[in-house]
Structures are given as structure tokens and as C-alpha cells.
Amino acid sequence: MPFGGYASPEQIMRDRAEYARKGIARGRSVVVMQYADGILFVAPNPSKALHKISEIYDRIGFAAVGRYNEFESLRLAGIRYADINGYTFNRNDVTGRGLANLYAQHLGMIFTESIKSFEVEIVVAEVGEAAEDDQIYRITFDGSVFDEQGMAVIGGQAEAVGGRLKERYSEGLPLPQALDAALAALTEPGGERPPVTQIEVAVLDRGREHRKFLRLTGSRLEKLLEAAQESQGGARQPAAEEAQAEREQAEQAPDTAPPIAPEGDIDTGSGE
């Protein structure tokens, strides 16, 4: 081996991790969060054919960022796994945890054994019968699995987007308010929100029969955004009216301060 051609295993892993992180950060973030009736997925995506958000099985959804060909191969592998296990055993035996473990094994093996690691980060979410049964798993490029509580952000400026989302997130948000919070978090301060035609939105709705996954597009999505804007406007209106009333009251209030007498009219009490 020529001099200088050796690299330690630690350095190789660091280089692979840095390479994958840079590739993932180049994309736009994806938000996955709980709302009152299930789990919401939101992603800026101008493409109508190349989806970042998809259905895996009856109660399970999939979201990904990074190289499309790489996370698409993972999505298809998850569908095959779910179909085979659901047919061989029982549909209830296909779980989000099982899929998360499958993806973790695949990504971990690729990261340690392949020359190039996958430039992907994915979320597997499963909606339960009640909110406390919902599961959201985030799987990173090296096969690490994180059990997220309430929400997850992947790709792009995930830390900044996650910080903005935490300021707006609360348990039990209705769908319009949850969608508004997700879009606000995905929009940089001072920036404009992407138009309806350039966002991808889907839900796992626990109230639906059998298949819980539903993609929201067109007029249905527009109505949700309008409902969110109306609710935000309704919340701001009382505060604005109260402030206006205070200003009017201050302008109409009489001046109660005692008048100041001219110097020549001051009574000195001398009797002169």
C-alpha cells in the first residue's frame, strides 16, 4: 500500500456521515406531526409524480428526504415486507416498529459495508386507535432509530424548522391549525409560504375505515388552508378590537390634572 493511503475506520465513518449529512441538508424539510384525529405529513414539493410522502400499509405512512432513487427503493422494500407479512400472518402483525427496524437494518448495513452511504432520512408513522397509540419513528442514514413524541422534522434545516414548529405545536390541534403550524414552521422568517400547487400534504386519519392514508390535494387542501386562515384571523380579531377600544378610551378621557395658576395669581397668605 502506498504511503498516505491508509485511513482509520473512525475517519472513514466520519467522512461517510459528513457526506450523507450534506446531501440530506440540500433538500427541503418534511414535517410529520400528530393532530386531533391522526398524523399529518407536510412537505414542500413542486413535483406531482415524485412523492416524498407515501402509504406503506393500512395504518402506516412513509416520508423521506434525500436522493429520490435511494429512498424510493426503501419504500418499495417496505411495501414488499408489509404485503408478505400481512398475507402470511395477519394484517395487524404489520407494525410501524417492525418497518422501522427493517429500515434501520438496511441503512446500517449500507452505511458500514458500502463505499457510499445512502443520502436519506426517513420517517415511519403508524396511527393507532387513540392518540396515545400513535407511533412516529425517525430513521437516519446510519440506521439509528429515534422514537419521536408528537412530531418529527427531517431534511433541510431540520433544527430551525423543528424550533419554529415547537413554538406552534400543542396536543390535539384540529387539522387546519396543525397544517397552518406545519407550513409556518417550514417557511423561513420573512419568507413567503409555498403555493398550494407546490406542497405535498397527506394524513393518517384514524376515523377512516380500513386504509387510513389520505392524500390532500386540490380544492380539499385549499379549503383547509382557508379554514386555518379564518381561525387565525378570528383569534387575532378580539385582541385587535381590545387594543383599539383602549386607544379610543385614552383619547376621550378628560384631563383630570389640576390646572396650574399663573405666577401673579398665587396666594401667598400674607394678607396684603
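Residues numbered from 1 in each chain as written. Predicted model: local features only at pLDDT ≥ 70, side-chain atom pairs only at ≥ 80, totals over all residues. Heavy atoms only, no water.

### Some thoughts on the overall build of the protein
Within the protein, the secondary structure is distributed over 6 helices and 10 strands. A burial count over the protein gives 43% of its 272 residues as buried. The long-range fraction of contacts in the protein, counting pairs at least 24 apart against all pairs at least 6 apart in sequence, stands at 66%. Summed over all atoms, the accessible surface of the protein reaches about 16000 Å², with 51% contributed by carbon and sulfur. (Helix = DSSP H or I, 4+ residues; strand = E, 2+ residues; numbered from the N terminus. Buried < 20%, exposed > 50% of the residue type's maximum accessible area, 1.4 Å probe, protein only. Contact = heavy atoms within 4.5 Å. Areas by Shrake-Rupley, 256 points an atom, 1.4 Å probe, with all protein chains shown as cover.)

### As for the pattern of salt bridges
Throughout the structure, instances matching the rule amount to 13 salt bridges. A salt bridge links Lys116 to Glu70, with the shortest nitrogen-to-oxygen separation between them at 2.6 Å. In this pair, Lys116 sits in the loop between helix 3 (96–113) and strand 5 (120–126) while Glu70 sits in helix 2 (residues 68–88), placing the two residues 46 residues apart along the sequence. Using a relative accessible area of 31% as the deciding quantity, one classes Lys116 as partly exposed. On the accessibility criterion, Glu70 (7% relative accessible area) is buried. Here Arg193 and Asp180 are joined by a salt bridge, their closest N and O atoms 2.9 Å apart. Separated by 13 residues along the polypeptide, Arg193 in the loop between helix 5 (175–186) and strand 9 (199–205) and Asp180 in helix 5 bring together distant segments of the chain. (Salt bridge = Lys/Arg side-chain N within 4 Å of Asp/Glu carboxyl O.)

### Observations regarding the sheet that holds strand 5
Within a sheet, each strand pairs with its neighbour through backbone hydrogen bonds, oriented either parallel or antiparallel. In space, the 5 strands of this open sheet follow the order 3-4-5-6-7, with antiparallel pairing throughout. Looking at which strands have only one partner, the edges of the open sheet turn out to be strand 3 (53–57) and strand 7 (145–148). Ignoring which end each strand starts from, the neighbouring axes of this sheet average 25° apart. Pairing of strand 4 (residues 60–66) with strand 5 involves 7 bridges; the strand directions are antiparallel. Opposite Val65, over in strand 5, you have Glu121 as the bridge partner. Here helix 2 sits on the sheet in contact with strand 3, strand 4 and strand 5, set at roughly 20° to strand 3. This element, helix 3, spans strand 3, strand 4, strand 5, strand 6 (135–139) and strand 7 of the sheet and lies at about 0° to strand 6. (Pairing = 2+ DSSP bridges. Axes fitted to C-alpha atoms, helices over the stretch in contact; angles between N-to-C directions.)

### Looking at the environment of Leu179
Assignment of secondary structure puts Leu179 in helix 5. Accessibility expressed as a relative area gives 0% for Leu179, which makes it buried. Residues Leu179 and Tyr35, 144 residues apart in the sequence, show an inter-C-alpha distance of 8.9 Å. With near-sequence residues (within four places) excluded, Leu179 lies in contact with Leu40, Val42, Val201, Leu221, Leu224 and Leu225.

### So, the layout of surface pockets
Looking at the largest pocket, its volume works out to about 340 Å³. Every element with two or more residues in the lining of the largest pocket is listed here: helix 1 (9–25), strand 8 (151–154) and helix 4 (158–168). Top contributing element to the lining of the largest pocket by residue count: helix 4, with 5 residues. Tallied by class, residues from the lining of the largest pocket come to 7 nonpolar, 6 polar and 6 charged. One number sums up the size of the second largest pocket: a volume of about 250 Å³. Lining the second largest pocket we find 15 residues, and of these Gln34, Ala131, Glu132, Asp134 and Gly150 sit closest to its centre. For the lining of the second largest pocket, the elements supplying multiple residues, two or more each, are strand 1 (30–35), strand 6 and strand 7. Partitioned by chemical class, the residues of the lining of the second largest pocket number 5 nonpolar, 5 polar and 5 charged. (1 Å grid on protein atoms, 1.4 Å probe; cavity = no way out; pocket = protein on both sides within 12 Å on 5 of 7 lines; lining within 4 Å. Points joined across faces, edges and corners; volume = space filled by probe spheres on them. Nonpolar A, V, L, I, M, F, W, Y, C, P; charged D, E, K, R; others polar.)

### Overview of the packing of helix 4 against helix 5
As a packed pair, helix 4 and helix 5 sit with axes 8 Å apart at the nearest point and diverge in direction by 145°. Classified by chirality, the crossing of helix 5 by helix 4 is right-handed. For the pair helix 4 and helix 5, the contacting residues are Val161, Arg164, Leu165 and Arg168 in the first and Ala181, Ala182, Ala184, Ala185 and Leu186 in the second. (Left-handed = near helix turned anticlockwise from the far one by under 90°.)

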